[in-house]
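# Geometric and topological summary
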Amino acid sequence: MKDRVTKAMKNMLLFLILLGVVSGRRSQLLKGLPATSTVEENSAAGVAVYNFNVTVSPLASEGVAILPTIVNSNPLTEAFDIEPKGGLEFRVITTGNPVLDYETMPKRFDLQIFVEDTAGRTDLNILTIYVTDKNEYPAFQGNMAIQTVTIYVLERRPPERIYQVDAADPENAKLKYSLLPAAAPFLITASGAIFSTKEFDYEKDPHCYFLNVTVTDPDGLNSTRTVKINIININDESPYFTTKQRIYRIPEEQSPGTIVANITAKDPDDEDSPSRLFYSIQSSNRHFSINPATGVLQVTGRIDRDALPLRLHPNISLVVRVEDSPSSGHASEMEITIVIDDVNDNPPECHPSAFRKEANENTAPGTFLVDLRNYCKDIDADPSNNQFIFTGLSGLGSNNFALESTVSGRLVMTGTIDLENPANPGVEVYTLTVRVQDIAHPNYSNIIYIYIRIKPVNEFFPVFHNLSYAFSVSEITKVGSSIGRVHAIDKDWPPSVITYSIVAGAGTRDYTNIFWISPTKGDVRILARLDYETTQKHIFTVQASDQEKSTTASVTVNVLEVNDEEPVCSPNFFSLQIPVNLAVGTNINGFRIECQDRDSDPRSFRYFINEGNENSHFTFSPSAGSNTSHLILASRFDYESGLDTHWIYSLRVHITDDNLVSARDKTTHLTKTGTVTLSIRVIPNPTTATTTTPGFTAVTRRENRYSPSAWYVPLVVTAGGALLLGLLAYLGLLLLPRLRRRCPPAGKARSPALINASEKKKPKKEVVVTMTKLNTVFDGEARDPVTGRMYEFNTRSGARRWKKSIEPLQAMLAMQVMSSATENSGQGVDRTEAPSKKEPSEKRKELTAATKPAAKPSAGQSETPGQVGLRLQKKKEESEDGGLSSAAP
């Protein structure tokens, strides 16, 4: 806007000047004009080009009205201007706009200068100015001409060309390039190419270089520009820790998230900018973690200074790693130590927390009971945090106890407690509480329970309610059954626990203890079967004890008789062979069974075949009322018609002891049953006729064969045989007088009516002795059902002997031979039995009864009751003396 105004004013002034010139009032006011002058190109603004004066007419008393002004130029330019020097002196100067350039601008300028005084007189003259050439400075081109050029060079790059400088001389002269400072690791070639002269290290070398590039013409004129060279960092260095602290201390039990340390590091590759690093903990640790981005180390798990291993080693070492890349980058490691300080965070504890102590009644005051300090501790690691005291003794009866001091924890008696005293509250166990408390803040505490049991002193003996007890028990009472109870009391307070035991008696020949008493209740129970036939009364002594004092009482057990014995028959197993054409009514092979029952009359037996009697071919006679019965063929075999098909019969014979029991009593009477097994083979068309001789008796004689190692056996057998022969001789002497009375001389014979006709026709007895060698390895044992004694037997030969006793086998064989020689083969004939070991008077009575003439047996009855009793007595005595019957093979 201002330029337009100025230009308009100049145009107006030029118009006025021309108007004045035309009007003829032009006069010589400008002295020194017209004129010619020169000015160098590139002159700065304000350079004086030409000086001139203005002369005014006398009429112009006020001087110049219009100052000298360049009203026009040829060519038109604004490169010049007029400025006053003082008074009426003026000079033409350069304006610097534009700068005169000899090479690009006109070389001549004609300036029209106009002036007017106050009288109206004007003057217009021309000043010709020639622009002279001047040696100009070389000029940079491109970016260097207008700005500072920045060049970026990667570190670790080998020397190379990094930039090309472009410059020109206005006079087209050849230019010369140079760099400053000369020590910089760069050089410039004659063509202006800038080269690096080394391999740069960003971490060691300057990160930036400023180079002054100078271009000089042949006349020495030069121009200078600055080039900035930045060294570019690459990731070639490992980060390093800037945190100098290596040891940190924190209290234990810090909550998760608590900041422990702020680990910092730098990467030399990021010297001038924030480093992007990654932090981690190398060593495995459950207590701490580190923020991978910030390096903040914080608590993540519970830290207990009082637990192992921190209790012994309260320092935790961590290896912190910093990397400049999540993977395959450069890394550094640093070990730091965290010291865990103990705090009072645990109350004192006692193990056990409950104490049980005993003190006798009437214990003297001052008696020491327990030292609590030996059982209590505070697990805090620091001694200043694990000190404690004992306070607050309380509880029922606590006035009888006291703590010696709060530090010691020793509990003592202060009073006397007598349980028998009526004033005693009856408390047997006193419950006390004691507080164990930290000395250090915040004074954690725990409660200890102490149970003091006042132990009674045993002053009184137990006393039975009765001095003696009597119980009646059936002999069939089950083993383990209770048969009665004894009871005793103790006057001590509290009442003592009484223990019952049997101290004497209660045993038999076979059992050490046949009775048992409950130690706590006094119940008396049987441990073995009672047997009226063996023992009718048991007397034993029981004791009641309170562990220190005891008393006794007598117990009598009366055994009540019950039919509890099974009939025992011999043999209980037998094998027979009979021809198919055997006559009906024949006693098969002269076989008979003999039975006995210790608690039943010999007449109480009944015989019947329970199994295997196909077509009822077999029967026993007599079938009841006798302890002896014969096997009889009841019907003929009929194989031809197909009625009979079996050639082998297995008979199972049952013998019961209820023959004398009435039909009314059989519903309540206890009946026992014995069993005999018979195997009968029927022989078709035998080649040799079987002769049934009623008077024939087969006696089997067995001979034991002993191993050479049993050298003592022959000696024992010989001694036993000699003893048995002596006994037989003695018995013969005893029987001789009675035999004489029974068989008088011919002249003194009894009436023929008393003699059985069949006895006169007795066939001659034939005795067959069979020698059988048996192995005496006794590989089994059993209990004799008659005597209850244990015996050993050979499973192959059937040989038996009493256990732990040596019985001469010859005695048994001799007894069998004697019995067979004196036995009648016909039914209803008396058999002379061997004498028993009873008292002489009893023996004489029984022998007298045996020698009396026997009446002829009735049908179904083989022997008289007297004969049966005598034979049973003989069997019983043989069992008691060790003569054990052998079963037929």
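Quick caveat: nothing in here was measured; it's all calculated off a predicted structure. Each chain carries its own residue numbering, running from 1 in the written order of its sequence. Local features in this predicted model are restricted to residues whose pLDDT is 70 or higher, and side-chain atom pairs enter the listing and the counts only when it is 80 or higher, whereas totals over whole chains, interfaces and linings include all residues. The side-chain figures draw on all heavy atoms in the structure; neither hydrogens nor water molecules are used.

## Overview of the overall build of the chain
For the chain, the count of helices and strands is 7 helices and 57 strands. Here the chain, with 889 residues, has 39% of them falling under the buried criterion. Considering only contacts in the chain between residues 6 or more positions apart, those separated by 24 or more positions represent 67%. Using the Shrake-Rupley algorithm and a 1.4 Å probe, accessible areas are obtained, with residue cover drawn only from the displayed protein chains. Split by element, the accessible area of the chain, about 48,900 Å² in all, is 53% carbon and sulfur. Counting from the N terminus, the helices are the DSSP runs of H or I reaching at least four residues and the strands are the DSSP runs of E reaching at least two. Throughout this description, buried means an accessible area under 20% of the type-specific maximum (1.4 Å probe, protein chains only), exposed means over 50%, and partly exposed covers the range between. Note on contacts: a residue pair is in contact if any heavy atoms of the two residues lie within 4.5 Å.

## Observations regarding the sheet that holds strand β23 (residues 288-290)
Spatial ordering of the open sheet is given by β20-β24-β23, a layout of 3 strands whose pairing is antiparallel. Lying at the two open borders of the sheet, with one neighbouring strand each, are β20 (259-262) and β23. Within the sheet, the average angular offset between the axes of one strand and its neighbour, ignoring direction, is 20 degrees. Examined bridge by bridge, β23 and strand β24 (residues 296-299) share 3 bridges and lie antiparallel to one another. Within β24, the residue paired with Ser289 across the bridge is Gln298. Strand pairing requires that DSSP identify at least two bridges connecting the strands. To define axes, lines are fitted to C-alpha atoms, for helices over the stretch in contact only, and angles between the resulting N-to-C directions are given on a 0 to 180 degree scale.

## Structural notes on the pattern of salt bridges
Salt bridges are defined as contacts in which a side-chain nitrogen from Lys or Arg sits within 4 Å of a carboxyl oxygen from Asp or Glu. One pass over the structure, following the stated rule, counts 19 salt bridges. A single salt-bridge network, built from bridges that share partners, covers Arg156, Asp201, Asp236 and Glu237.

## Focus on the sheet that holds strand β32 (residues 401-403)
Strand order in this open sheet of 3 strands is β29-β33-β32, and the pairing throughout is antiparallel. At either margin of the open sheet sits one strand with a lone partner, and together these are β29 (368-371) and β32. Across this sheet, the average inter-strand angle for adjacent strands is 20 degrees, counted without regard to direction. Where β32 lies against strand β33 (residues 410-413), 3 bridges are found, and the strand directions are antiparallel. By the bridge assignment, Ala402 is partnered in β33 with Val412.

## Comments concerning the state of the cysteines
When two cysteine sulfur atoms are found within 2.5 Å, that pair is recorded as a disulfide. Taken as a whole, this structure holds 2 disulfides when the rule is applied. A sulfur-sulfur separation of 1.8 Å characterises the disulfide bridge that pairs Cys350 with Cys376. Handedness of the Cys350-Cys376 disulfide follows from its S-S torsion of about 100 degrees: it is right-handed. Here the residue Cys350 occupies a position in strand β27 (residues 349-350), and Cys376 occupies one in strand β30 (residues 376-377), the gap between them amounting to 26 residues. Just as Cys350 is buried, Cys376 falls in that class too.

## With respect to the pairing of strand β25 (residues 315-323)
Looking at chain direction, strand β22 (residues 278-281) and β25 are connected through 4 bridges and run antiparallel. In the sheet register, Phe278 faces β25, and the bridge partner there is Glu323. Examined bridge by bridge, β25 and strand β26 (residues 331-341) share 9 bridges and lie antiparallel to one another. The residue bridging Leu318 from the neighbouring strand is Ile336, located in β26.

## Quick look at the nonpolar core
Here, the term nonpolar core denotes a set of buried Ala, Val, Leu, Ile, Met, Phe, Trp, Tyr and Cys residues that are joined through side-chain atoms within 4.5 Å. If you look at the biggest cluster of nonpolar residues, it comprises 26 residues, and the most contacted ones within it are Phe618, Leu631, Phe637 and Ile655. Listed by contribution, the elements that provide at least two residues to this core are β46 (573-579), β47 (587-596), β48 (606-611), β49 (618-621), β50 (628-633), β51 (648-656) and β52 (673-683). Beyond its immediate sequence surroundings of up to four residues, Leu631 is in contact with Leu576, Thr586, Asn587, Ile588, Phe591, Phe618, Thr619, Phe620, Leu678 and Ile680.

## Focus: a nonpolar patch on the surface
Within this analysis, patches are made of residues with over 30% relative accessible area and no salt bridge. Like charges are joined at 9 Å or less; nonpolar side chains (Val, Leu, Ile, Met, Phe, Trp, Tyr) at 5 Å or less. A surface patch of nonpolar side chains, about 280 Å² in accessible area, is lined by Leu727, Tyr730 and Leu734. Position of Leu727 relative to the elements: it lies in helix α3 (residues 712-742). On the basis of relative accessible area, Leu727 is assigned to the partly exposed category, the value being 38%.

## Focus: the confidence of the model for the chain
Confidence of the predictor at the level of single residues is captured by pLDDT, which takes values from 0 to 100. Summing up the model confidence of the chain, the mean pLDDT is 79 and the portion of residues at 70 or higher is 78%. In this model residues 688-702 is a low-confidence stretch, pLDDT under 50, and it forms 38 contacts with partners more than four residues away in sequence or in other chains.

## Focus: unusual backbone geometry
In this structure, Pro98 follows Asn97 across a cis peptide bond, with omega equal to 0 degrees. Secondary-structure assignment places Pro98 in the loop between β6 (89-94) and β7 (108-117). Even without being a glycine, Asn362 presents a positive backbone phi close to 65 degrees. Non-glycine residue Asn443 carries a positive phi angle of around 60 degrees. In this structure, Asn443 sits in the loop between β34 (429-438) and β35 (445-455). By relative accessible area, which is 34% here, Asn443 ends up partly exposed.

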